[in-house]
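# Structural description and commentary
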Amino acid sequence: MPNTVFWFRRDLRLIDNPALLEAVSAAGDDGVRALFVLDPVPFRASGGPRTSHLARSLRALDDALGGALLIRHGDPVTEVPRAAAEIDADEVYIAADYGPYGSRRDQRVEKALLDAGATLHRTGSPYAVAPGRVRKPDGTPYRVFTPFSKAWRTHGWRGPVDAPKKVSWLPAKDGDGFPDVPDLPDVELPEAGEDAARERLAAFLDEKVRHYKSDRNRPDHDGTSRLSVHLKYGELHPRTILAELAKHRGEGADTFRNEICWRDFYADVMFHRPESVWESLDQRVGSIETDSGKQADERFEAWAAGRTGFPIVDAGMRQLLSVGWMHNRVRMITASFLVKDLHLPWQRGAAHFLDLLVDGDYASNNHGWQWVAGTGTDAAPYIRVFNPVTQGKKFDPDGGYVRRWVPELAEVSGAAVHEPWTLETQPEGYPEPIVDHAAERKETLDRFERVRR
Ligand SMILES: Cc1cc2nc3c(=O)[nH]c(=O)nc-3n(C[C@H](O)[C@H](O)[C@H](O)COP(=O)(O)OP(=O)(O)OC[C@H]3O[C@@H](n4cnc5c(N)ncnc54)[C@H](O)[C@@H]3O)c2cc1C
């Protein structure tokens, strides 16, 4: 049998990797080349935290492969056929990419391989259920989450597969080297790699999943899984998570399963509506008037730096700067603040998040922003405007989250931390609110009313 190539992309793992099993089985007693192509297009678009995670994850994968990971830098359209030709492989295996850029790139690679007499095989996807599979009885895609989630559960997913047992990895000759791990002295990032991902999953299921339903909305509790970055790079497959989760009963496990479904849902939306990455799904709400100019830019900078004067917003934005991650509830609050209090386009905030988030993912991030902006899949007949003070008091009732990330407020006790302007003296170094929330809320509702009419 011929040598084969396994091209790693968003699946930097050996366990539960069906495409890898296929590559190994096709190779039989011959060798498998483990390839990763550092494609400059997505690589340039990744901010420091994501680049760092990728670089460290590739190192971990290379260790697991005994040093056999061949890294090439360049356009996959030339690099993949080249890596195949070097070992006389006429079969290349991948897990399918359903994103707009990735699927177009794979079509071009497929054609280049065909021209060279080789075949590209796609098996599996980075999702529990591949985008495009869950459909309404009439064959059209779901536009709303709840019916999608019901159909998703009914559809079900395959069980995980083991890592391949006996693989003769071909030595990685003439590689272009690992990407540098960027120097981010002020950013504390999680450990990368399949082992770290599996340990995190086990710890979450052991210690936290039973309280997940109530804890997941509390940024002051460390109650979520923090698996998003591992899912982003495929260090863990969602099916593995779902199979382990099935061993747990109760509301926590059910709620957590639902969150995994949100990830699949947004990938499905992006598959059917690729333009929705940067264009509002609801064009009418998307046409709401937004601000631009000097004042808008200054407000954006204050938001990005965590200096809006609204403590829960500032805590979230500073958490993002410090650890490349932000709690989901606070992602919603900070996003709402940018769109509804500062009247800036959701795309501007989404691009900023993508730059800094270690788990930055077009489908989840940009559709999460659209959900908050009211332009997305969940087209509510009214416009939601989060009140940053009420949200803070509700989800960080003792103020511990704010005190952790905003040192200027560290001495303010209890929930008073959410309204520093009510204190006798304004805490030193902490800014006054940059806007009046009640006035900006009214302004948003007026603008919404104009597009609604
Ligand atoms: C404005 C905004 C931007 C976001 N950007 C991203 C992003 O770039 N990348 C990303 O992975 N998630 C994004 N999310 C979704 C969510 O905030 C993160 O997945 C979650 O905070 C990651 O932490 P966790 O792994 O501890 O989550 P958990 O609560 O432990 O959830 C488990 C997993 O479920 C999935 N999940 C949970 N909530 C959502 C959701 N609302 N949408 C899609 N998937 C979800 C994630 O894969 C997550 O890892 C965004 C949400 C909003 C509102």
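Reading the values: the criteria
- Residues numbered from 1 in each chain as written.
- Predicted model: local features only at pLDDT ≥ 70, side-chain atom pairs only at ≥ 80, totals over all residues.
- Heavy atoms only, no water.
- Helix = DSSP H or I, 4+ residues; strand = E, 2+ residues; numbered from the N terminus.
- Rg over C-alpha atoms; globule rule 2.2 N^0.38 Å.
- Buried < 20%, exposed > 50% of the residue type's maximum accessible area, 1.4 Å probe, protein only.
- Contact = heavy atoms within 4.5 Å.
- Areas by Shrake-Rupley, 256 points an atom, 1.4 Å probe, with all protein chains shown as cover.
- Axes fitted to C-alpha atoms, helices over the stretch in contact; angles between N-to-C directions.
- Left-handed = near helix turned anticlockwise from the far one by under 90°.
- Nonpolar A, V, L, I, M, F, W, Y, C, P; charged D, E, K, R; others polar.
- Near = heavy atom within 4 Å.
- Polar contact = N/O pair within 3.5 Å; in protein donor to acceptor, adjacent residues only side chain to side chain.
- UniProt positions renumbered as here; feature names shortened; annotations may be inferred.
- Pairing = 2+ DSSP bridges.

Of the regular secondary structure elements, the protein holds 20 helices and five strands. Over its C-alpha atoms the protein spans a radius of gyration of 23 Å, differing by no more than 12% from the 22 Å that the globule rule assigns to 453 residues. Per-residue burial for the protein yields a buried fraction of 54% across its 453 residues. Partitioning the contacts of the protein with sequence separation of at least 6, the portion at a separation of at least 24 is 78%. In the structure as shown, the protein presents an accessible area of about 19900 Å², 49% of it carried by carbon and sulfur atoms.

Attention shifts here to the packing of helix α16 (residues 346–356) against helix α17 (residues 362–373). Between α16 and α17, the least distance of the axes is 10 Å, while the angle of their chain directions is 145 degrees. Crossing angle aside, the handedness with which α16 passes α17 is right-handed. On the side of α16, the interface is formed by Trp 346, Gly 349, Ala 350, Phe 353 and Leu 354, while α17 contributes Tyr 362, Asn 365, Asn 366, Trp 369, Gln 370 and Ala 373. For the contact of α16 with α17, the class distribution of residues is seven nonpolar, four polar and no charged.

Taken together, 26 residues are adjacent to the ligand, and Tyr 212, Thr 224, Ser 225, Arg 226 and Asn 328 come closest. At 3.0 Å, a backbone N or O of Leu 227 approaches an oxygen atom of the ligand. Ser 228 places a polar main-chain atom, nitrogen or oxygen, 3.0 Å from an oxygen atom of the ligand. Surface burial for the ligand is 95%, taken as the share of its 810 Å² of free accessible area covered by protein chains. Counting only elements with at least two residues in the shell around the ligand, the list comes to α9 (228–232), α11 (251–272), α15 (328–341) and α17.

UniProt tags residues 2–128 as "domain: Photolyase/cryptochrome alpha/beta" (unreviewed entry). Helix makes up 47% of residues 2–128 and strand 20%, with an end-to-end C-alpha separation of 31 Å.

As for its position among the elements, Thr 308 is in the loop between α13 (294–305) and α14 (311–323). The buried category is assigned to Thr 308, whose relative accessible area is 0%. Within polar-contact distance, the side chain of Thr 308 engages the backbone nitrogen of Phe 310 at 3.1 Å. Not counting residues within four places of it along the chain, the set of residues in contact with Thr 308 comprises Ala 302, Trp 303, Val 313, Asp 314, Phe 337, Pro 431, Glu 432, Pro 433 and Ile 434.

What follows is about the sheet that holds strand β5 (residues 119–122). Backbone hydrogen bonds are what pair the strands of a sheet, in a parallel or an antiparallel way. Taken together, the five strands give an open sheet; going across it, the order is β3-β2-β1-β4-β5, and neighbouring strands pair in parallel fashion. Unpaired on one side and paired on the other, β3 (69–73) and β5 mark the two borders of the sheet. Recorded for the sheet is a direction-independent mean angle of 30 degrees between the axes of neighbouring strands. Looking at chain direction, strand β1 (residues 4–8) and strand β4 (residues 91–94) are connected through two bridges and run parallel. What sits directly across from Phe 6, in β4, is Tyr 93. Sitting on the sheet, helix α5 (residues 100–115) is in contact with β1, β4 and β5, with an inclination near 145 degrees to β5.

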